[in-house]
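A look at the structure
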Amino acid sequence: MKKFLTKLILSAACVTALATCLVGCGDDLSVPNGGNGGDTTANAAQAMPTLRFDSKYYAGLSDAPIEERSYYIFSENGTGKYYCYYYYQYKNETPQIDDYTIDFKYVYSNANKTQVTCFYDKVTYGAKDNQKDVSTSWWRTLNVSENVLLSESQYGYTLVGINEDYLDQIPNFAE
């Protein structure tokens, strides 16, 4: 009986210790390493890399030379630019050319600053643009990091942009 009580008390102590450990860990268990390389403090979200400011994020899914690709630029003051160049011609029809820059304002859409929502501010059309069809209700929500921009839809994620500084690390991509 004494051995049974000793095992029961040890088992209860182990369960209590395990429960205390799990409760002490909090919600950070749902994100690997607390999402911040192990830093689970309240300040960790501010230290997470989000955007590279004043640096171009070029369209990733394009065979066009880099200087002809669409891109985003974000500034620290909550503004940015989206440059679009798109050329399309069907058979012998007149080509459709989009050549414009949208100035936008953006806000972070979540607490850890990994998502932004951009809102139209103004548009400037380039000399080649023959569509002039940018809507003043233009907006985008993007998942952001230092190296890539992603959009999310019902079909999954779409690569929207690759940071110009990261392109050197993936030289064979989209070449």
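Nothing here was measured: the structure is a model prediction, and the numbers come from that model.

Moving on to the overall build of the protein chain. Scanning the protein chain from N- to C-terminus turns up 2 helices and 8 strands. The buried share of the protein chain, taken over its 175 residues, is 27%. Across the protein chain, contacts joining residues at least 24 apart in sequence account for 43% of those joining residues at least 6 apart. Total accessible area on the protein chain stands at roughly 11,900 Å², and carbon and sulfur atoms take up 54% of it.

Moving on to the packing of aromatic side chains. What the rule picks out here adds up to 13 aromatic pairs. Pairwise contacts between aromatic rings join Tyr57, Tyr72, Phe74, Tyr82, Tyr100, Phe104, Tyr106, Tyr108, Tyr125 and Trp138 into one cluster. For the cation-ring pair, Lys113 lies above Tyr108, with the distance from its terminal atom to the ring centre recorded as 5.2 Å.

What follows deals with the sheet that holds strand 5 (residues 115-125). Reading around the barrel, the 8 strands line up as 1-2-3-4-5-6-7-8 and close back on themselves, with antiparallel pairing between neighbours. Averaged over neighbouring strand pairs, the angle between their axes works out to 35° when direction is ignored. Bridge analysis of strand 1 (residues 56-58) against strand 8 (residues 156-163) gives 2 bridges, and the strand direction is antiparallel. Across the sheet, the residue bridging to Tyr57 is Asn163, located in strand 8.

This part takes up the layout of surface pockets. By volume, the largest pocket is sized at about 380 Å³. If you trace the largest pocket, you find 19 residues lining it, with Ala59, Leu61, Ser70, Tyr82 and Val160 closest to the centre. Here the lining of the largest pocket gets 4 residues from one element, more than from any other, and that element is strand 3 (residues 79-88).

Let us look at the environment of Phe173. Relative to the helices and strands, Phe173 resides in the segment after strand 8. Note: C-alpha distance between Phe173 and Asp63 (110 residues apart in sequence) is 9.9 Å. Residues contacting Phe173, with those up to four places away along its chain left out, are Gly60, Leu61, Leu159 and Ile162.

A cluster of nonpolar side chains, Tyr86, Tyr88 and Tyr90, forms an exposed patch at the surface whose accessible area comes to about 320 Å². Within the element layout of this structure, Tyr90 appears in the loop between strand 3 and strand 4 (96-108). Owing to a relative accessible area of 41%, Tyr90 belongs among the partly exposed residues under this scheme.

Moving on to unusual backbone geometry. Even without glycine at this site, Asp54 takes up a positive phi of about 55°. By the element assignment, Asp54 lies in the loop between helix 2 (44-47) and strand 1. Overall, the relative accessible area of 57% leaves Asp54 in the exposed class. One non-glycine residue with positive phi stands out, namely Lys132, at about 45°. If you trace the backbone, Lys132 turns up in the loop between strand 5 and strand 6 (139-144). Taking relative accessible area as the criterion, Lys132 reaches 49% and is therefore assigned partly exposed.

Parameters at a glance
- Residues numbered from 1 in each chain as written.
- Predicted model: local features only at pLDDT ≥ 70, side-chain atom pairs only at ≥ 80, totals over all residues.
- Heavy atoms only, no water.
- Helix = DSSP H or I, 4+ residues; strand = E, 2+ residues; numbered from the N terminus.
- Buried < 20%, exposed > 50% of the residue type's maximum accessible area, 1.4 Å probe, protein only.
- Contact = heavy atoms within 4.5 Å.
- Areas by Shrake-Rupley, 256 points an atom, 1.4 Å probe, with all protein chains shown as cover.
- Phe/Tyr/Trp six-rings, centres within 6.5 Å; stacked < 30°, edge-to-face > 60°.
- Lys NZ or Arg CZ within 6 Å of the ring centre and 35° of its normal.
- Pairing = 2+ DSSP bridges.
- Axes fitted to C-alpha atoms, helices over the stretch in contact; angles between N-to-C directions.
- 1 Å grid on protein atoms, 1.4 Å probe; cavity = no way out; pocket = protein on both sides within 12 Å on 5 of 7 lines; lining within 4 Å.
- Points joined across faces, edges and corners; volume = space filled by probe spheres on them.
- Patch = residues over 30% accessible without salt bridge, like charges linked within 9 Å, V, L, I, M, F, W, Y side chains within 5 Å.
- Salt bridge = Lys/Arg side-chain N within 4 Å of Asp/Glu carboxyl O.

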